[in-house]
Amino acid sequence: MPTPAPILATLTAAPTPGAAMHALVARLFPLGRSLTGPGVRETLAVLREYLPGLRVHEVPSGTPALDWTVPAEWIIRDAWVKNAAGERLIDFRQHNLHVLQYSTPVHGWFSRAELDEHLFSLPEQPELIPYRTSYYQPNWGFCLSHRQREQLQDEYYEVCIDSTLDEAGSLTYGELVLPGASEEEVLLSCHCCHPSLANDNLSGLAVAVFLAQELARQPRRYTYRFVFGPGTIGAIVWLSRHRDTVGHIRHGLVLTLLGGPGGFTYKQSRRATAEVDRTAALVLRDFGSPYAVRPWLPYGYDERQYCSPGFNLPVGCLSRTPFGEFTEYHTSADNLEFVRPEQLAESLRLAEALCTALERNYTYRNLSPYGEPQLGRRGLYKGVGGGQEGADWQMALLWLLNLSDGSRSLLDVAEQSGLALPLLHRAASALEGVGLLQPL
Amino acid sequence: MPTPAPILATLTAAPTPGAAMHALVARLFPLGRSLTGPGVRETLAVLREYLPGLRVHEVPSGTPALDWTVPAEWIIRDAWVKNAAGERLIDFRQHNLHVLQYSTPVHGWFSRAELDEHLFSLPEQPELIPYRTSYYQPNWGFCLSHRQREQLQDEYYEVCIDSTLDEAGSLTYGELVLPGASEEEVLLSCHCCHPSLANDNLSGLAVAVFLAQELARQPRRYTYRFVFGPGTIGAIVWLSRHRDTVGHIRHGLVLTLLGGPGGFTYKQSRRATAEVDRTAALVLRDFGSPYAVRPWLPYGYDERQYCSPGFNLPVGCLSRTPFGEFTEYHTSADNLEFVRPEQLAESLRLAEALCTALERNYTYRNLSPYGEPQLGRRGLYKGVGGGQEGADWQMALLWLLNLSDGSRSLLDVAEQSGLALPLLHRAASALEGVGLLQPL
Amino acid sequence: MPTPAPILATLTAAPTPGAAMHALVARLFPLGRSLTGPGVRETLAVLREYLPGLRVHEVPSGTPALDWTVPAEWIIRDAWVKNAAGERLIDFRQHNLHVLQYSTPVHGWFSRAELDEHLFSLPEQPELIPYRTSYYQPNWGFCLSHRQREQLQDEYYEVCIDSTLDEAGSLTYGELVLPGASEEEVLLSCHCCHPSLANDNLSGLAVAVFLAQELARQPRRYTYRFVFGPGTIGAIVWLSRHRDTVGHIRHGLVLTLLGGPGGFTYKQSRRATAEVDRTAALVLRDFGSPYAVRPWLPYGYDERQYCSPGFNLPVGCLSRTPFGEFTEYHTSADNLEFVRPEQLAESLRLAEALCTALERNYTYRNLSPYGEPQLGRRGLYKGVGGGQEGADWQMALLWLLNLSDGSRSLLDVAEQSGLALPLLHRAASALEGVGLLQPL
């Protein structure tokens, strides 16, 4: 068993977890994240202030990873479109969504028509700047509001993208391991490649960071592994370096889009009925907020990689409103106003409840299985009978005794009884305390 | 094979089964049943008049039984609360619900406040006397209407409960065995521990008694075992004395609450898909009365004991409106008006139909399985074809021939075809008669 | 592998498949088909013009077949009811529904009451002649409109049925085999015993003939076997002669009632989840016309024989509105107006789609199962990312890669993904083309 890495919360004056998470999101928002490059490093450096045990890994460009190759590192210094008067009409320094991610360097004069082929805007959301990428096809471009695009009426523009695609660079990802009593792992994965988009996915980073702090303070049955990497290629690189150990992963979650409005969404893993899938459905059932459980779909976030058929890991995806289903998605409107402290805080509580449910999902055996044991003489039963009391507590005791034949976990009991897991946890402890239940 | 016990119907002039059952309920109503004591013995003595083969068993107080111990026998002679004028304000002789079951003896003067801690009433049903017990926690008390309780305005009352908790007493239960062609058993269990409550459970006793009389008159595939004992501890005692033979139980039913209004309710055994569970659902489907099938719940009547995980017997519970779901439940309103002859009679017919369905649930093999056999030359098919006749009889023949591949019972055929079991019984007999079906 | 039989479409001038099929139905309509006899032979002779490889088989009357015996051949030459004036009031030459099928010969004078016992009419559809048979019980009779029946007010009638029940005759059926790459077979079966009824089942014959022509022009994975025989006894005779080879049948369909109005109906085989059952449900799901999938029922057409428990072949039944559910069923209103070219053509397209789906239902293995393969460098992925494109094509690629672990067929992928089979066929070909998928 490795020694746990020391974890220190550096946060000092934040009044509530929600406000503290929002402060983290706000601090990360301006950093110029992309698939690779300095912005990812700066982001992980901030996370290390919260999670000193976080290790940052650099993987050289050109390294093969499963079916892929680590791309050149993209360094963007400046990007603009000027008019003849030299005014910066489109200015990367004003918003880092303005440049097409992974734009190749360019400098010169272009006619309006030539420039237009490199512009991206949203006619139906004319005030918003879209987020666009061209990671694997060399291209350059600018993203801008459609309103601004329509104002570009000059005949020629000076265009500059001061970028480098550094073949000698590297891809950066971060990993935090919180060792538990068992080598079996819970994987928690967030993508950290999006620039100034608050919900997608600074919200996921913030929830993961605060969840890690909370878990670090507790005894842990499972080992928890947090991975912060760029979307797709990050998960692929990570998987390529852990092919021999991914078998330890018993449960996993991709955390994303957890700061916006809307109910919760749990997307099932490819296995559909993995323990994490059933646990998420149960915890959401009893959590008290609107939610939906959706079936597996091979499109979305890094669960695509974890659930590819060769790995088929039990990794679901936890979010609020899913990608593409809110109008702010992948636009400049996914900003610090859109992500709210109370929404982040509620997401954190849900993630904690889910981890608690996984931690405590034991299978018990009733040690007095012939007839009901007499609860009264053990102080676990009400006094005067004949009334219609059937309180949840009594039912929890009876369900646990009745179903605990060694083949059913607390998850099974919660599903069949309709009782909430926290109540069953308490009742199971009480029954274990009087020697009626024994965990297998 | 043991010799069948002789069974004699002593009933002579009752005009209908319903009236005869109601007469039995009325005769048992005033007897002072409790968990133990003379009232149970008197009750079983009446049942023996109907079922001479019924054997009465006495189990000494203090006998261990599974996780429990047989309690002291409770003998109640009198109980009253008098005012200073010596008037019996609360009088056990007027209604045997007035005393808290298993009250310890007491005699003396009590202030109104002291007495009030020992009173039980129903503020929301102010005219009714509730039924309350304190079997396993020593206590004494009176049950009374809330209206009467509010009239107790004197400062002091004389209180007397003339009871004995006899450590040298015994617990009493009755058992009737109707041997069948097979050692495999059908268990029918009723609790007989409730005092003057007509539906709970004199109705169950009456239906069981008349069902036993009916079964006794017929050839039987199964051995039928009727158990009449006090709730919970009775089943536990019975199970503790039959641990080696409960494996013979193929099907079981707890019979209770069968005389009141409302549709039928079948509560599934812990197995949920046992033959008795599926049969009950089917018989109810075709019986023509409103009904509901409910999932297993580890709360209720003695199915709790039979379905404890160590035994896990296929025992469901048949009732009309379940406990706690009618306002008369466990009050003085569960009386001889509440239980109606026609409701008892319908319940008996249903119980008979269920036993018939279990008796006749054979698995057949089609002896001419290649193509349809030519029914016409065997006199089983209509003459002129081409019309749209598809009468249930023809369909029953075709379904039986088509599904009887040796892997499907009549129950399976009834479930898949939607046809009623009595029709399938007749059609199976016809096909067996012409050599097309053979029971396995 | 036997040499394929030569197939020649003899049709020359038909402008559309629907019109060509309707022309075939019109040509067959007047022929006097019955269970046996010249009408069946004439019908099969016409089909041979379309399908030169069709082989016609004669099975002598009296031949045992499973539980049955091939009946005497019925030859009907003339049938009439005359009044005293010698007028042919009911005249077989006017409509061959007028005679009860398999009528025994009769000639003589009958009172109105005597005659009436041999008349069949439809009081609720007074203008229509019903279709009635008495194959296995010797009888004679006339079918007529109820209106006409009411006009028969004379006291005596001369009755003549000039028929023969030839014990030295034979039962006739036709069979066409289109050999495929595999010995595994698709069985397509139509009954050809009904006289002038256009939907039941000249529509089925027409769709089968044109489907066979189409399949004959294509490479075939499966061997296709078309059987055209009289209902019930035809299938029984065929099965009795192929008991050793029916194990080759992987999929089967009874084709009937395919020319009338109304949505499509697929009736599942006895297996309920056979590949043909699931394929039919999927093809109908995506075909764009109203449809219903119905569970197995041991009543209907020759699926009754193919799905008898001894054979239990995976044979479903494809129709439009099922028998008995349209008012024209088994009456003179099931005529050439009721069957429409466009309905026949749509049915043919559906049958072709179903065969295509069966042909192409391969199970693939993803050859790059660890993480998603990089589709971009293989030219299979869109360029600029970040937008919300998730077009069906991309989804088809992702679903196929994700699910193709060697345990799931295209059918599984289509069921789980909700994507249409033709799209998945194209996507699977594209992925196979770049070496990412391999059929097992």
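Residues numbered from 1 in each chain as written. Chains lettered and ligands numbered in written order. Predicted model: local features only at pLDDT ≥ 70, side-chain atom pairs only at ≥ 80, totals over all residues. Heavy atoms only, no water.

1. Things to note about the relation of the copies chain A and chain B
The following threshold applies: Copies are brought into register by a least-squares superposition over C-alpha atoms of residues with pLDDT of at least 70 in both.
The two copies are related by a screw motion: chain A maps onto chain B through a turn of 120 degrees and a shift of 0.1 Å along the axis, at an RMSD of 0.1 Å. Each copy turns onto its partner about a three-fold axis. Taking C-alpha positions as the reference, the residue of chain A nearest the rotation axis is T273 of chain A, at 13 Å.

2. Concerning the UniProt feature "domain: DUF4910" (unreviewed entry) in chain A
The criterion, for reference: UniProt positions are given in the numbering used here, feature names are shortened, and annotations may be inferred rather than shown by experiment. Helix and strand assignments come from DSSP, with helices taken as H or I runs of at least 4 residues and strands as E runs of at least 2, each series counted from the N terminus.
Per the UniProt record, "domain: DUF4910" (unreviewed entry) is annotated on residues 22-361 of chain A. With 28% helix and 26% strand, residues 22-361 of chain A has end C-alpha atoms that lie 32 Å from one another.

3. Considerations on the packing of helix α2 (residues 38-50) of chain A against helix α5 (residues 198-216) of chain A
Residue and element names in this part refer to chain A. Test applied: Axis definition: a line fitted to C-alpha atoms, limited for helices to the stretch in contact. Angles are taken between N-to-C directions and run from 0 to 180 degrees. In this scheme, roughly parallel covers angles under 35 degrees and roughly antiparallel covers those over 145, while 65 to 115 is roughly perpendicular and the rest are oblique. Crossing chirality is assigned from the near helix's rotation relative to the far helix, an anticlockwise turn below a right angle marking it left-handed and a clockwise turn marking it right-handed. In this description, contact between two residues means that some pair of their heavy atoms is separated by no more than 4.5 Å. All residues other than Ala, Val, Leu, Ile, Met, Phe, Trp, Tyr, Cys, Pro, Asp, Glu, Lys and Arg, Gly among them, are scored as polar; the first ten of these are nonpolar and the last four charged.
Packing of α2 against α5 brings their axes to within 10 Å, and their N-to-C directions diverge by 25 degrees. Classed by the angle they form, the pair α2 and α5 counts as roughly parallel. For α2 against α5, the interelement crossing comes out right-handed. In contact with T43, L47 and Y50 of α2, α5 contributes L205, V209, F210 and Q213. Among the residues forming the contact of α2 with α5, the class breakdown is five nonpolar, two polar and no charged.

4. Quick look at the domain arrangement of chain A
Residue and element names in this part refer to chain A. For clarity, the cut-off: The start and end points of each domain follow an automatic or database-based domain assignment. Once two parts are brought into contact, the accessible area they lose, counted with a 1.4 Å probe and summed over both, makes up the buried area. A carboxyl oxygen of Asp or Glu within 4 Å of a side-chain nitrogen of Lys or Arg is what we treat as a salt bridge. Polar contact is defined as a pair of N or O atoms within 3.5 Å, subject to the rule that within protein one atom must be able to donate a hydrogen and the other to accept it, and that residues adjacent in sequence are counted only when both atoms are side-chain atoms.
Domain parsing of chain A yields domain 1 (17-70 + 170-359), domain 2 (73-166) and domain 3 (364-439). A straight line from the C-alpha centre of domain 1 to that of domain 3 covers 36 Å. Counting residues at the interface gives nine residues for domain 1, matched by nine residues for domain 3. With both sides pooled, the region where domain 1 packs onto domain 3 buries about 690 Å², and carbon together with sulfur makes up 58% of that total. Three residues, R278, L282 and R285, lead the burial of domain 1 against domain 3; their summed loss comes to 65% of the area buried on that side. Our count for the domain 1 to domain 3 interface comes out at two salt bridges. Where domain 1 meets domain 3, there are five residue pairs in polar contact (both at pLDDT 80 or more). Listing elements by their share of the side of domain 1 that touches domain 3, those giving two or more residues are α7 (275-287) and α9 (341-359). It is α7 that provides the largest number of residues to the side of domain 1 that touches domain 3, a total of seven residues.

5. Examining the sheet that holds strand β6 (residues 106-111) of chain A
All names here are of chain A. Stated precisely, the cut-off is as follows: Two strands make a pair as long as DSSP finds a minimum of two bridges between them.
One open sheet holds the four strands; their spatial order is β5-β4-β9-β6, and the pairing between them is antiparallel. This sheet does not close on itself; its edge strands, each paired only once, are β5 (88-91) and β6. Neighbour-to-neighbour, the strand axes of this sheet turn through a mean angle of 20 degrees, independent of strand direction. Examined bridge by bridge, β6 and strand β9 (residues 156-166) share six bridges and lie antiparallel to one another. Paired with V106 across the strands is I161, a residue of β9.

6. Considerations on the interface of chain A and chain B
Counting residues at the interface gives 28 residues for chain A and 28 residues for chain B. Buried area between chain A and chain B, both sides added, is near 2,400 Å², and the carbon and sulfur share of it is 49%. Viewed at the interface, chain B and chain A are joined by four salt bridges. In this structure, the salt-bridge partner of R377 of chain A is D67 of chain B, at a minimum N-O distance of 2.9 Å. Scanning the region where chain A abuts chain B turns up 13 residue pairs in polar contact (both at pLDDT 80 or more). Going through the elements one at a time, α10 (392-403) and β18 (405-409) of chain A are the ones with two or more residues in the side of chain A that touches chain B. The biggest single contributor to the side of chain A that touches chain B is α10 of chain A, with six residues. Classifying every residue of the side of chain A that touches chain B gives 10 nonpolar, 11 polar and seven charged.

7. A few points about the environment of L255 of chain A
All names here are of chain A. Which entries qualify depends on this criterion: Each residue is assigned to one of three classes by its accessible area relative to the maximum for its type, calculated with a 1.4 Å probe on protein chains only: buried under 20%, partly exposed between the two thresholds, exposed over 50%.
Among the structural elements, L255 can be located in strand β13 (residues 249-255). Residue classification places L255 among the buried positions, given a relative accessible area of 0%. On a C-alpha basis, the gap between L255 and S347 in space is 9.7 Å, while along the polypeptide they are 92 residues apart. Excluding anything up to four places from it in sequence, L255 contacts L188, S189, C190, N201, G204, A208 and L318.

8. Regarding the side chain of R320 of chain B
Residues and elements named next belong to chain B. Within the element layout of this structure, R320 appears in the loop between β16 (315-319) and α9 (341-359). Of note is the side chain of R320, whose polar atom sits 3.5 Å from the backbone oxygen of L258. Within the structure, the side chain of R320 is placed 2.4 Å from the side chain of E346, a separation counted as a polar contact.

9. Focus: the environment of L54 of chain C
When you line up the elements, L54 of chain C lands in the loop between α2 (38-50) and β1 (55-60). Spatially, the C-alpha atoms of L54 of chain C and P290 of chain C are 34 Å apart, while their sequence positions differ by 236 residues.

10. Some thoughts on the interface of chain A and chain C
At the junction of the two partners, chain A supplies 28 residues and chain C supplies 28 residues. Both faces considered, chain A and chain C share a buried interface measuring about 2,400 Å² in area, 50% of it formed by carbon and sulfur atoms. By the criterion of area lost to chain C, the three top residues of chain A are D67, P298 and Y299 of chain A, representing 26% of everything that side buries. Close ionic contact of D67 of chain A with R378 of chain C constitutes a salt bridge, the shortest N to O distance being 2.8 Å. The interface formed by chain A and chain C holds 13 residue pairs in polar contact (both at pLDDT 80 or more) in total. Across the side of chain A that touches chain C, the residue classes tally to 15 nonpolar, eight polar and five charged.

11. Observations regarding the sheet that holds strand β6 (residues 106-111) of chain B
All names here are of chain B. The strand order β5-β4-β9-β6 describes an open sheet built from four strands, whose pairing is antiparallel. Looking at which strands have only one partner, the edges of the open sheet turn out to be β5 (88-91) and β6. The mean inter-strand angle of the sheet, taken between neighbouring strand axes irrespective of direction, is 20 degrees. With nine bridges joining them, strand β4 (residues 73-82) and strand β9 (residues 156-166) adopt antiparallel strand pairing. Of the residues in β9, the one forming a bridge with W74 is L165.

12. Observations concerning the nonpolar core
Stated formally: Residues enter a nonpolar core if they are buried and are Ala, Val, Leu, Ile, Met, Phe, Trp, Tyr or Cys, with the set joined through side-chain atoms within 4.5 Å.
Grouped together as the largest cluster of nonpolar side chains are 140 residues, with contacts concentrated most on F226 and F228 of chain B together with Y306 of chain C. Broken down by element, the residue count for this core peaks at 11 residues, all from helix α5 (residues 198-216) of chain B. If sequence neighbours within four positions are ignored, Y306 of chain C has contacts with L187, S189, V227, A235, W238, L239, V254, F311, N312, L313 and V315 of chain C.

13. Comments concerning the pairing of strand β12 (residues 223-229) of chain A
Residue and element names in this part refer to chain A. β12 sits mainly inside the fold: seven of its seven residues count as buried. The alternating pattern of β12 places T223, R225, V227 and G229 and Y224, F226 and F228 on opposite faces, both of which are buried. Note: strand β10 (residues 170-178) against β12, five bridges, orientation antiparallel. From the neighbouring strand, G174 faces β12, where its bridge partner is F228. Sheet analysis places strand β11 (residues 185-191) next to β12, joined by seven bridges and oriented parallel. Note on β12: the bridge partner recorded for H191 is G229.

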